[in-house]
Amino acid sequence: MDDEAMIARRRGAMTGGTSPGRSRGRLADEVYDTLLGQLMSLRIEPGSRVTIDALARELGVSQTPIRDALNRMEAEGLVVRVPHAGYRIPPQITRQRFEDMLELRLLLEPAAARRSAERASSEQVADLRRMLEEMAELDGGDGLMAYGAFGLRDAAFHDLVALSAENQVIREALARLHTHVHLFRLLHDTQVTHLAMAEHEEVLAAIAARDPDAAAYAMRRHILLSGERFRRLFDEVKDADEWR
């Protein structure tokens, strides 16, 4: 499915169900998810400007859910409000920010995976499995929007692990990082999705087996390998600058 088809399908999902009883909050959440996907797929590029009017026309919804979604994204540092000019998309994260995020993830996520192996309900394990199935359908898909949609589900998988760990502080801390939004904005490479799938399977297998040590190890390994995949972007930029 190409980029335009993906957007059309998501627009249909938003506009097709806009019945009088549909909640404003639900529509704003759907707009928020759509905009996140566009950020992660680089359809909305770093440094670009977006306006409520333009987004409302593109997505086929009123300005209210667009405004609600952008206000939420502003509070989370994903967009910057520009007086009398709409919103601006921040630049890519710096190398130092990337390394800081990686360090914090290594402290929190293996612990969450360990607790998930101890505490996750059978329904939560099934939810994790369904999430991986959805990711598998998108793995290697063509187009930037498919890549962004994979990134959203990647983030949701990690959030489900934190949820099943029953530690709300860890979950909130990880959510505030918006790790996957920043990482998927750095690189569009279908190899990333393929490798991540195999690592996620290892994490889920350990959680389902109720093996806390294996779950923590699998999550730590996944974060380290993911870090290496994305770190090369910064190294490539540095090399290019040195050759100028």
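Our subject is the structure listed above.
What you are looking at is a predicted structure, and each value in this text was computed from that prediction instead of being measured.

Asks: Quick one: what's the story with the overall build of the protein, residue by residue and with numbers?
Replies: For the protein, the count of helices and strands is 11 helices and three strands. Starting at the N terminus and ending at the C terminus, the protein contains elements arranged as α-α-β-α-α-β-β-α-α-α-α-α-α-α. The buried share of the protein, reckoned over its 244 residues, is 44%. At a minimum sequence separation of 6, the contacts of the protein that also span at least 24 residues come to 77%. Carbon and sulfur atoms make up 51% of the accessible area of the protein, which totals about 12,200 Å².

Asks: Let's hear about helix H8 (residues 168-177): which residues, and what values?
Replies: Three- or four-residue spacings in an α-helix give side chains the same orientation, since the helix completes a turn every 3.6 residues. The set of residues buried in H8 consists of Ile170, Ala173, Leu174 and Leu177. For H8, the angular spread of the buried residues around the axis is 95 degrees, confining them to a single face. The backbone nitrogen of valine 169 lies 3.2 Å from a side-chain oxygen of the residue at the head of H8, namely asparagine 167. Just beyond H8, the residue with positive phi is histidine 178, at close to 50 degrees.

Asks: Which residues make up the nonpolar core, and what are the values?
Replies: Residues Leu35, Leu36, Ile66, Leu70, Met73, Phe157 and Ile207 are the most contacted members of the largest nonpolar core, which totals 66 residues. Two domains each put at least three residues into this core: domain 1 (24-89) and domain 2 (95-235). With near-sequence residues (within four places) excluded, methionine 73 lies in contact with Tyr32, Leu35, Leu36, Leu39, Leu78 and Val79.

Asks: I'd like to hear about helix H5 (residues 95-119), residue by residue, with values.
Replies: Between the first and last C-alpha of H5 there are 35 Å, a value that for 25 residues agrees with the 36 Å anticipated at 1.5 Å per step. Of all the bends found along H5, the most pronounced is centred on arginine 105 and spans about 30 degrees.

Asks: Lay out the packing of H5 against H8 with the relevant residues and their values.
Replies: Packed helix pairs are characterised by how far apart their axes lie and by the angle those axes make with each other. Between H5 and H8, whose axes approach to 10 Å, the crossing angle comes to 145 degrees. Two packed elements cross with a definite hand, and for H5 against H8 that hand is left-handed. Residues Met101, Leu104, Arg105, Leu108, Glu109 and Ala112 of H5 lie in contact with H8, whose contacting residues are Ile170, Ala173, Leu174 and Leu177.

Asks: Hey, could you go over the environment of tyrosine 32 for me, with residue numbers and the actual values?
Replies: Mapped onto the fold, tyrosine 32 is located in helix H2 (residues 24-40). As for tyrosine 32 and leucine 70, which are separated by 38 residues in sequence, their C-alpha atoms are 7.4 Å apart. Non-local contacts of tyrosine 32, meaning those with residues more than four positions away in its chain, are made with Ala69, Arg72, Met73, Glu76, Leu78 and His178.

Asks: Describe the packing of aromatic side chains, naming the residues involved and giving the relevant values.
Replies: Applying the stated criterion across every chain yields a total of zero aromatic pairs. It is arginine 72 that lies over the ring of tyrosine 32; its NZ or CZ is 3.5 Å from the centre.

The rules we used
- Residues numbered from 1 in each chain as written.
- Predicted model: local features only at pLDDT ≥ 70, side-chain atom pairs only at ≥ 80, totals over all residues.
- Heavy atoms only, no water.
- Helix = DSSP H or I, 4+ residues; strand = E, 2+ residues; numbered from the N terminus.
- Buried < 20%, exposed > 50% of the residue type's maximum accessible area, 1.4 Å probe, protein only.
- Contact = heavy atoms within 4.5 Å.
- Areas by Shrake-Rupley, 256 points an atom, 1.4 Å probe, with all protein chains shown as cover.
- Arc of directions from axis to C-beta.
- Polar contact = N/O pair within 3.5 Å; in protein donor to acceptor, adjacent residues only side chain to side chain.
- Core = buried A, V, L, I, M, F, W, Y, C linked by side-chain atoms within 4.5 Å.
- Domains from an automatic or database assignment.
- Expected span 1.5 Å × (residues − 1).
- Bend = angle between axes of the 7 residues up to and from the residue.
- Axes fitted to C-alpha atoms, helices over the stretch in contact; angles between N-to-C directions.
- Left-handed = near helix turned anticlockwise from the far one by under 90°.
- Phe/Tyr/Trp six-rings, centres within 6.5 Å; stacked < 30°, edge-to-face > 60°.
- Lys NZ or Arg CZ within 6 Å of the ring centre and 35° of its normal.

Purely geometric numbers; function is a separate question.
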